[in-house]
Amino acid sequence: MVGVIVTLLVIAAVAYCVLKNYYPPIILLLAGIVMLICASMMGVMPVADAKSTHFLGFDYAQAFQQLMSGRLAGLGLNIMLIAGFSFYMDKIGASKALVKLCVKPLSAIRSPYVLLAVTYVVGQFMALFINSAVGLGLLLMASVYPLLVALGVSRASAAAVIGSTCCLDLGPSSSNAMRAADLLQTDVVSYFVQSQIPVAICVIATVAIGHFFVQRWFDRKDKVHEAAGVGKADAKDLEKAFEGAGPAFYAILPMLPLVLLIIFSPMVYAEVKLSLQTGIIVSLLIAFVVDFITHRRFKEACQRSQAIFEGMGKVFTSTVALICCAELFALGMNKMGGITTLISAAASMESAGVWVMLFVMLAIMVIATIVTGSGNAAFFAFSPLLPEAAASVGINAAVLAVPVQLSAGIARTMCPIAGVIIAVAGIAGLTPFEIVRRTFPVMLMALIVNVAASAIFL
């Protein structure tokens, strides 16, 4: 019982600090050390005897070193390469070329609320290749938002849809998906195709239909209806939105890693083995050659490639550091035994234990995400508990991992302090709460379908 109380107190302290904008990685690191100290006072050592430094004070640092050495070469490098590729695509204008290509057909849809639903679907598709929720939101606010308002959609409805276009962390470029695949001891492409896609299709359809009805209901309730033509973007506005976009064929470049990984996978062509890291490097080399041939300036092409390593460095200071520190936080929780006690209690409920475990893990993930505003921080902190939780009730770990992993992105869209919500609200001239008020009902439906679809397909 002491372990449960200490664990809950530390979790509450972490939530408070993150809510107050303390740097999340160091908060999770310190919280993990605190719990390891408490665990050692209860007779549980931070590392195994064979790996001990034989001095307790050093053993806490040794535990963190072991976690870092295991993560940096695998999951950490995957995420850094994905980020480097994403930064490079943005630098050479390939990301904007993809958005420009995808957005163009939207102008043919004349029904405002049908356009809203289709905008979400198109945006969620683009999120497979543009793995920054804030970055994608800003691109769509510059290109699609004026079109939506011009057709009579209220600013709040348009902003709510754009803010939710990355509500599902899907595909090999998602750090949460990579972490989930790592926990399930499978490759991220298999996890995406076999586990995520069946559930995601149901959730995407739900969110699209939900936005159609929910935004229309809010507009009628608030008696808000923008006059057609208000805020309409002329040719100069659109030209400015896509300034720096590469040629149309550059839209293919952001898709290269996903295409290569699916083709050279056990599901399509198993003779050639292609890892995520190798696939990204091959895609980068192809993109560099294409960029050089297009512009025919070798020195400038080399300068643009600097974005690869800048992106890798930036994501290390945020996401990768967060993963390593969250791992220590999870280790501390495991050593304290508080979470294990709660998991064991759910497991003792026989057949009901499966559902209790699922809803407990979902509640932890949703609350942590809404409080912190980060789906990554919440998932990295608590995801190590998923395999143990699944094993305790005798179910496939994917049954827990998929809905819990997807719920982190869904809950982020319900959070007024999430980066994408704040960015979209600022451009639309609204408060984050005005947007969350409209996304909350839709995301609640998405959570329900997420659980139901996972129960059916996994």
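Residues numbered from 1 in each chain as written. Predicted model: local features only at pLDDT ≥ 70, side-chain atom pairs only at ≥ 80, totals over all residues. Heavy atoms only, no water.

Novice: For this particular structure, what's the right way to read the overall build of the protein?
Specialist: Counting secondary structure elements, the protein contains 22 helices and zero strands. At 23 Å, the protein has a C-alpha radius of gyration in line with the 23 Å of a compact globule built from 458 residues. With respect to the three principal axes, the spread of C-alpha positions in the protein is 70 × 60 × 40 Å. Residues counted as buried form 54% of the 458 residues belonging to the protein. Accessible area for the protein stands at about 19,600 Å²; split by element, carbon and sulfur atoms hold 68% of it. If you average the places of the 27 positive and of the 21 negative side-chain charges in the protein, the two averages end up 8 Å apart. (Helix = DSSP H or I, 4+ residues; strand = E, 2+ residues; numbered from the N terminus. Rg over C-alpha atoms; globule rule 2.2 N^0.38 Å. Buried < 20%, exposed > 50% of the residue type's maximum accessible area, 1.4 Å probe, protein only. Areas by Shrake-Rupley, 256 points an atom, 1.4 Å probe, with all protein chains shown as cover. Lys, Arg positive; Asp, Glu negative; His and termini not counted. Charge placed at Lys NZ, Arg CZ, Asp CG, Glu CD.)

Novice: Quick question: what am I supposed to make of helix H15 (residues 306–336) here?
Specialist: Think of an α-helix as 3.6 residues a turn; residues three or four steps apart then line up on the same face. In a regular helix each residue adds 1.5 Å, so 31 residues correspond to 45 Å; H15 covers 44 Å between its end C-alpha atoms and thus fits that length. Taking the largest bend as the criterion, H15 deviates by roughly 50°, centred on Phe316. Count one or two residues on from H15 and you reach Gly337, which has phi positive near 85°. (Expected span 1.5 Å × (residues − 1). Bend = angle between axes of the 7 residues up to and from the residue.)

Novice: Would you explain the side chain of Arg438 in this entry?
Specialist: Summarising the element assignment, Arg438 is placed in helix H22 (residues 432–457). Within the local environment of Arg438, its side chain forms a polar contact with the side chain of Ser157, the two groups lying 2.7 Å apart. Those residues in contact with Arg438, other than ones at most four positions away along the chain, are Ser154, Ala156, Ser157, Ala160, Val214, Gln215, Phe218, Asp219 and Asp222. (Polar contact = N/O pair within 3.5 Å; in protein donor to acceptor, adjacent residues only side chain to side chain. Contact = heavy atoms within 4.5 Å.)

Novice: Sorry, what's going on with the nonpolar core here?
Specialist: Where a protein is soluble and globular, its nonpolar side chains tend to be buried together. Within the largest apolar cluster, 155 residues are counted, with the highest numbers of intra-cluster contacts made by Leu168 and Phe329. Once residues within four sequence positions are removed from consideration, Leu168 is found in contact with Tyr120, Gln124, Ala200, Val203, Ile204, Leu406 and Ile410. (Core = buried A, V, L, I, M, F, W, Y, C linked by side-chain atoms within 4.5 Å.)

Novice: Just checking my understanding: could you explain the packing of aromatic side chains for this structure?
Specialist: The description of two aromatic rings rests on the distance between their centres and on the angle between their planes. Applying the stated criterion across every chain, the model contains nine aromatic pairs. Aromatic pair Phe125 and Phe129: ring centres 5.2 Å apart, planes at 75°, arrangement edge-to-face. With a relative accessible area of 37%, Phe125 lands in the partly exposed category. Assessed through its relative accessible area of 11%, Phe129 is described here as buried. Ring geometry for Phe212 against Phe213: centres 4.9 Å apart, planes inclined by 70°, an arrangement best described as edge-to-face. (Phe/Tyr/Trp six-rings, centres within 6.5 Å; stacked < 30°, edge-to-face > 60°.)

Novice: Explain unusual backbone geometry here, please?
Specialist: A negative phi angle characterises most non-glycine residues, just as the trans form characterises most peptide bonds. Despite not being glycine, His54 shows a phi value in the positive range, around 70°. Relative to the helices and strands, His54 resides in the loop between helix H2 (24–41) and helix H3 (56–91). A relative accessible area of 73% means that His54 is categorised as exposed. Unlike most non-glycine residues, Arg296 shows phi in positive territory, near 55°.

Novice: Would you mind going over the confidence of the model for the protein with me for this structure?
Specialist: Residue-level pLDDT values for the protein average 84, and 92% of them are 70 or greater. Within the model, the stretch residues 226–233 combines pLDDT values under 50 with 17 contacts to residues more than four positions away or in other chains. (pLDDT = per-residue confidence, 0-100.)

Novice: Would you take a moment to explain the packing of helix H5 (residues 112–126) against helix H10 (residues 188–221) for this structure?
Specialist: Helix-helix packing: each pair is described by the crossing angle between the helix axes and the interaxial distance. Packing of H5 against H10 brings their axes to within 9 Å, and their N-to-C directions diverge by 145°. Seen from above, H5 lies across H10 with right-handed handedness. Across the interface between the two elements, Tyr113, Val114, Leu116, Ala117, Tyr120, Val121 and Gln124 from H5 touch Ile204, Val207, Ala208, His211, Phe212, Gln215, Arg216 and Asp219 from H10. Class assignment of the residues belonging to the contact of H5 with H10 gives a composition of ten nonpolar, three polar and two charged. (Axes fitted to C-alpha atoms, helices over the stretch in contact; angles between N-to-C directions. Left-handed = near helix turned anticlockwise from the far one by under 90°. Nonpolar A, V, L, I, M, F, W, Y, C, P; charged D, E, K, R; others polar.)

Novice: Please clarify how helix H18 (residues 375–382) should be interpreted in this entry.
Specialist: Counting buried residues in H18 gives eight out of eight residues, a clear majority hidden from the surface. Among all positions in H18, only Gly375, Asn376, Ala377, Ala378, Phe379, Phe380, Ala381 and Phe382 are buried.

Novice: Explanation requested: the environment of Phe249 in the structure shown.
Specialist: Tracing the chain through its elements places Phe249 in the loop between helix H11 (235–241) and helix H12 (256–263). Residue Phe249 is classed as partly exposed on the basis of its relative accessible area, which comes to 43%. Sequence separation between Phe249 and Thr206 is 43 residues, and the spatial gap between their C-alpha atoms is 32 Å.

Novice: Can you walk me through the pattern of salt bridges in this structure?
Specialist: Oppositely charged side chains may form a pair once their charged atoms are brought near each other. On inspection of all chains with the given rule, the structure shows seven salt bridges. Of the charged contacts, one joins Asp182 and Arg179 as a salt bridge, the two residues approaching to 3.0 Å between their closest N and O atoms. Of this pair, Asp182 and Arg179 both sit in helix H9 (residues 175–183), three residues apart, which is roughly one turn of that helix. Judged by relative accessible area, which is 32%, Asp182 ranks as partly exposed. Judged by its relative accessible area of 2%, Arg179 is buried. Ionic pairing is found between Asp222 and Arg437, a salt bridge with its closest N-O pair at 3.0 Å. On the criterion of sequence distance, the pair formed by Asp222 in the loop between H10 and H11 and Arg437 in helix H22 is long-range, its members being 215 residues apart. On the basis of relative accessible area, Asp222 is assigned to the partly exposed category, the value being 28%. (Salt bridge = Lys/Arg side-chain N within 4 Å of Asp/Glu carboxyl O.)

Novice: What is the right way to read the side chain of Asn78 from this model?
Specialist: Position of Asn78 relative to the elements: it lies in helix H3. Non-local contacts of Asn78, meaning those with residues more than four positions away in its chain, are made with Met178, Leu276 and Gln277.

Novice: It is not clear to me how a nonpolar patch on the surface should be interpreted in this structure. Could you clarify?
Specialist: A cluster of nonpolar side chains, contributed by Val259, Ile263, Met267, Val268, Tyr269 and Val272, occupies part of the molecular surface with about 480 Å² of accessible area. Structurally, Val259 is set in helix H12. (Patch = residues over 30% accessible without salt bridge, like charges linked within 9 Å, V, L, I, M, F, W, Y side chains within 5 Å.)

Novice: Just checking my understanding: could you explain the packing of H3 against helix H13 (residues 276–295) for this structure?
Specialist: One can describe the packing of H3 onto H13 by two numbers: an axis separation of 9 Å at closest approach and a directional angle of 20°. In terms of orientation, H3 lies roughly parallel with respect to H13. For the element pair H3 and H13, the recorded crossing hand is left-handed. Contact residues: Ala73, Gly74, Leu77, Asn78, Leu81, Ile82, Phe85, Tyr88 and Met89 in H3; Leu276, Gln277, Ile280, Ile281, Ser283, Leu284, Ala287, Phe288 and Asp291 in H13. (Parallel < 35°, antiparallel > 145°, perpendicular 65-115°, else oblique.)

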